[in-house]
Amino acid sequence: MTVDLKTHWDSVYREKPEDSLTWHQDCPSTSLELIDMIGLTPTSSAIDVGGGTSRLAASLLANGLRDVSVLDISGVALENARLQLGDTGNTVTWIQTDITGWVPDRQYDLWHDRAVFHFLVDARDRVTYLASLRKGLRIGGYAIIATFAPDGPEKCSGLPVVRYSPTGLGTVLGDGFELVAHRDEMHQTPAGRTQAFQFSLFRRTA
Ligand SMILES: C[S@@+](CC[C@H](N)C(=O)[O-])C[C@H]1O[C@@H](n2cnc3c(N)ncnc32)[C@H](O)[C@@H]1O
């Protein structure tokens, strides 16, 4: 059966309360810790790829950024996220698309992805994702990519994932990305289970 990903993710966000989603975080603290290392300024630009209803965009806006984009395959997730933000939601650029087919028409200083790249189990999807990353992230900019760690779950939201170590992820990204820092995180799901994540911070060098 062909999985229609947009339908899958729209149903998830339509049918489940946000605080029951396994990946839900009240605060994206590990991402923010790594972002602190980069030294963004109010004129920096950032995109949260597969941002869903994450609080990351709100945190970036609260830190003074004015150029924040959130991309997700689910229009339901983006609408929920926009409503959560109230009036400030109007300052965010919302992009409803599948990242594996997206061709950015501009560049960002920060590319953030928590728990999206790991869904790309087909090598062709990883190739197109990485083409988007190279087109959308300026040289000298940073990418934070968080995935399930090698000892993390084999599935998320019923879909298979690829698990990575920071160095393994660096190998997949290939030349032109320098691993600057990484963090392990044992994420507590709302149901009380733990999931091993890795967060890697890469600098685009070429
Ligand atoms: C596990 S959730 C993580 C959400 C968010 N990053 C967070 O940390 O709360 C995965 C998100 O990726 C989105 N997604 C899955 N596949 C995608 C794709 N191919 N293109 C864009 N977004 C995708 C889903 O709609 C969902 O919002």
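Below is a summary of the structure that appears in this document. (Residues numbered from 1 in each chain as written. Predicted model: local features only at pLDDT ≥ 70, side-chain atom pairs only at ≥ 80, totals over all residues.)

1. Let's talk about the site of the ligand
- As a matter of local geometry, the ligand sits amid 19 residues, with W9, G50, G52, I99 and R114 nearest to it.
- Per-class residue counts for the shell around the ligand are ten nonpolar, six polar and three charged. (Near = placed C-beta within 6 Å. Nonpolar A, V, L, I, M, F, W, Y, C, P; charged D, E, K, R; others polar.)

2. With respect to the pairing of strand β8 (residues 177–188)
- Judged from the eleven bridges that link them, β8 and strand β9 (residues 194–204) form a sheet pairing that is antiparallel. What sits directly across from Q188, in β9, is T194.
- Taking the residues that link successive antiparallel strands as the turn, the β8-β9 hairpin has five residues, and the phi of G192 there is positive, at about 95°. (Pairing = 2+ DSSP bridges. Helix = DSSP H or I, 4+ residues; strand = E, 2+ residues; numbered from the N terminus.)

3. Focus: helix α5 (residues 123–136)
- The end-to-end C-alpha distance of α5 is 20 Å, a good match for the 20 Å that 14 residues give at a rise of 1.5 Å each.
- Looking at α5, one finds that the buried residues are Y129, L133 and G136. Down the axis, α5 shows its buried residues gathered within 80° of arc, on one side only. Residues of α5 that are exposed and angled more than 90 degrees away from the buried face: A123, R124 and V127.
- Those residues of α5 hidden inside the fold are in contact with β1 (45–49), β4 (108–114) and β5 (137–148). (Expected span 1.5 Å × (residues − 1). Buried ≥ 20, exposed ≤ 12 C-beta atoms within 10 Å, placed from the backbone. Arc of directions from axis to C-beta. Contact = placed C-beta atoms within 7 Å.)

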